[in-house]
Amino acid sequence: MKGGCRGRILRIDLSNGRVWEQLLDEELCRKYIGGSGIGARFLYDMTDGDTNPLGSENPLIFMTGPFAGTPVPTSGRHHITAKSPLTGIYGEGDVGGSWGVGLKACGYDGIIIEGKSQKPVYILVQESGAGILDAGFLWGRDTYQTDEMLKGVHGNKTTVSCIGPAGEKQIKIAAVMHDGSHARAVGRTGLGAVMGSKKLKAVVVSGGSYIPVFQQERLKHSIRKIVPTIVEKTAGMKQFGTAAGTVGAEKIGDFPLKNWSGSVWDRVENISGQRMKDTILTRRYFCTGCVIGCGREVEVKKGPYAMKGAGPEYETLGTLGGLCLVDDLEAIAYGGELCNRYGLDTISAGSAIAFAMELYEKGIIGTGDTDGLQLKWGSAGAMVEMIHQIGRGEGLGRLLGSGVREAARCIGGNAVDYAIHSKGLEFPAHDPRAFNSLALGYATSNRGACHLQGASYFFEKTAVMPELGIPGPKDRFRVEEQGEFQKNCQDLMCLMDSLKLCKFTLYGGLRTTHVREWLEYVVGWDMGLEELMTAGERIFNLKRMYNVKCGITRSDDTIPERMLKQPRTEGGAKGNLPPLDKMLDEYYTARGWDKNGVPLQATVGRLGLAW
Amino acid sequence: MIVRFGSMYSERVGCEEYEPGIEKPARLIEILEELERVFPLLKNGSMEKIGDRYGAHYLCISNGKILRLVDMINNEDMVEIIPPIMGG
């Protein structure tokens, strides 16, 4: 490879302290690109359906993309892959910040961590190599403290990936956090618990080497053509954050309300991006290499929710806010900070709290189960207290921290009717009754309910991709032509997750032509559209094959009854119920899978895969 | 009053700025009705009402604020139409 990729990864076995390097051959990199794709390849080869997600044999795989550390905009992201302890199937997460560039600057494309340490440790990676160091002084610290303490030891130019107390306790909705109080999170699928199971507190990177680019001047020229467009088209995000369209989301019936049982909410403006800008916003945050700047830094100066740091994103506003009917922006900002410090996924935490609130309302649980806490809708105090309980693994929080599926199973009765998830992963803050394609996307996403594994709704709002047959925004309530559309979206998002480019660039006008140019100018790969999309399709199918080995069948490719049979009664999605079965049949055909959702041998062979 | 179209919309309507011909001050919804009448390609044909389209297919900002359909727009204001992106 002529640039971008370093062609090597770090391998670490915490059981015996062994540290070694593995070369990555170009064929592998070209077929799987980087990030999510290479992570998938290694996870498939190293584990199987019987692997215990919290056992020593589950590897934790950190992987960058081919553009990290180059001038390609938004390319500093990285990916983490492992078998998920929350869902028991494929687990992964994508994150921005600066850690990915830091690792690449040490000379590595990724790190694979196996085994388990006997005592708390952290890993330090530098250009000269890597070492496993004692983390006794960090164990028990929250993620902000951990970041500060490690910078105190190794210098301010280090970047830290770490877990908080939630990950240490192996709470199944624990996140892996980055960049201290900037709080860039790998939130989904409980990968913080995997890290905690290895007694691995942090991975610190400290490097400064130059990342070569094959054709620097041609790359710069290409980037200069697209960046002004990306900046202009995403201006709303820079001004108002990812919450720019929160009020609009409520209007169209997309915003989550009352554990997904609500239809409209006249208080949504209290927690909008506009309100944040007018009250608690102090400045914007840009991930390394980003030109969009959607991140928020906020400060609540006084009161019970005083805090200073990363501000709540749309998802956090949706799940700690609308899902719980909490309209106190300061409380949500504080709750978000607690999740960041404990190292918890705000989506799963908010979902679990809303689930508990509904059970409390219905009398399925009572104050005897909550240590006297009244889990009422709209109670900011109850929301905040539950985050503490979940983060500490105490009281009802101990159960909720196992995820809504497991919590419902333990509670029994009809608690399962109120557990809103797909394949064990709680719903993000977008309603599949507002976008039929999201119903199909949630049902078939390889990590469970995820809006970003397909991001089909991007192309039903404003994004376009003419070369994939999407010349303009599609009707969000359409029933026809969902199968091929979802497949194309998912294959494209597999590419984005493997290239480690921010998906918001798609709103900014990014096309596959830009990606192909950058692969040529950075790495030296001349990839046509077909080869590029085939790589995305290969990666998606590999993850599906992994899930089939974990026991996933068509019966798991679904969404809760509430989404299939209970329409919103008012608002922009009033009356709509997504026809999932019909869309699923069409989707399986488009995918080249059988009627049970198993990739056909012809598909597996065509993609160069094997069971 | 000037309406400025973000690049996604200017490509669709064929211009970057437009001065609505309606009487000012006017509510945002009245301005949007005028714009969609003059520029039919501005709207997405799948939704019948402006109230459904606003927030789904475009947002309007003015003076650093996201506008609501009921907000009054004065003669000296500039309204910018931007994509309603959010989430992640």
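Residues numbered from 1 in each chain as written. Chains lettered and ligands numbered in written order. Predicted model: local features only at pLDDT ≥ 70, side-chain atom pairs only at ≥ 80, totals over all residues.

So, on to the overall build of chain B. Summing up its helical and strand segments, chain B has three helices and seven strands in all. For chain B, the succession of helices and strands along the chain, N to C, is β-α-β-β-α-α-β-β-β-β. For chain B, the residues scored as buried account for 35% of the 88 residues in total. Across chain B, every contact between residues at least 6 apart in sequence was considered, and the portion connecting residues at least 24 apart equals 49%. (Helix = DSSP H or I, 4+ residues; strand = E, 2+ residues; numbered from the N terminus. Buried ≥ 20, exposed ≤ 12 C-beta atoms within 10 Å, placed from the backbone. Contact = placed C-beta atoms within 7 Å.)

Our next topic: the sheet that holds strand β5 (residues 65-66) of chain B. Residue and element names in this part refer to chain B. What the five strands build is an open sheet, ordered β2-β1-β7-β4-β5; its pairing is mixed. Two strands close off the open sheet at either side, each with one partner strand: β2 (17-18) and β5. Pairing analysis gives three bridges linking strand β4 (residues 59-62) to strand β7 (residues 78-82), with the strands arranged antiparallel. Paired with I61 across the bridge in β7 is E80. (Pairing = 2+ DSSP bridges.)

In this model helix α20 (residues 512-523) of chain A runs 16 Å from its N-terminal to its C-terminal C-alpha over 12 residues, within 8% of the 16 Å that 1.5 Å per residue would give. G524 of chain A sits one or two positions beyond α20 of chain A and adopts a positive phi of about 95 degrees. (Expected span 1.5 Å × (residues − 1).)

Further remarks concern the nonpolar core. All names here are of chain A. Counting 216 residues, the largest nonpolar core has I111, V125, I353, A356 and M383 as its most contacted members. No other element matches helix α13 (residues 346-361), which puts nine residues into this core. If near-sequence neighbours (up to four positions away) are discounted, I111 is found in contact with I9, L10, I12, F62, V125 and V203. (Core = buried A, V, L, I, M, F, W, Y, C linked by C-beta atoms within 7 Å.)

We now examine the domain arrangement of chain A. Residues and elements named next belong to chain A. Considered domain by domain, chain A is made up of domain 1 (8-206), domain 2 (234-426) and domain 3 (437-606). Measuring from the centre of the C-alpha atoms in domain 2 to the corresponding centre in domain 3 gives 26 Å. Each partner contributes to the interface: domain 2 provides 20 residues, whereas domain 3 provides 23 residues. Counting residues per element, the ones that place at least two in the side of domain 2 that touches domain 3 are β16 (421-422) and β17 (425-426). Taken together, the residues of the side of domain 2 that touches domain 3 break down into nine nonpolar, seven polar and four charged. (Domains from an automatic or database assignment. Nonpolar A, V, L, I, M, F, W, Y, C, P; charged D, E, K, R; others polar.)

To continue, consider the interface of chain A and chain B. Think of interface size as the accessible area that goes away when the parts come together; that is how it is often given. The partner chain B presents 20 residues to the 32 residues of chain A that form the contact. At the level of elements, α7 (216-233), α8 (235-240), α9 (246-251), α11 (314-321) and α19 (504-507) of chain A are the ones that each hand at least two residues to the side of chain A that touches chain B. For the side of chain A that touches chain B, the residue count by class is 13 nonpolar, 12 polar and seven charged.

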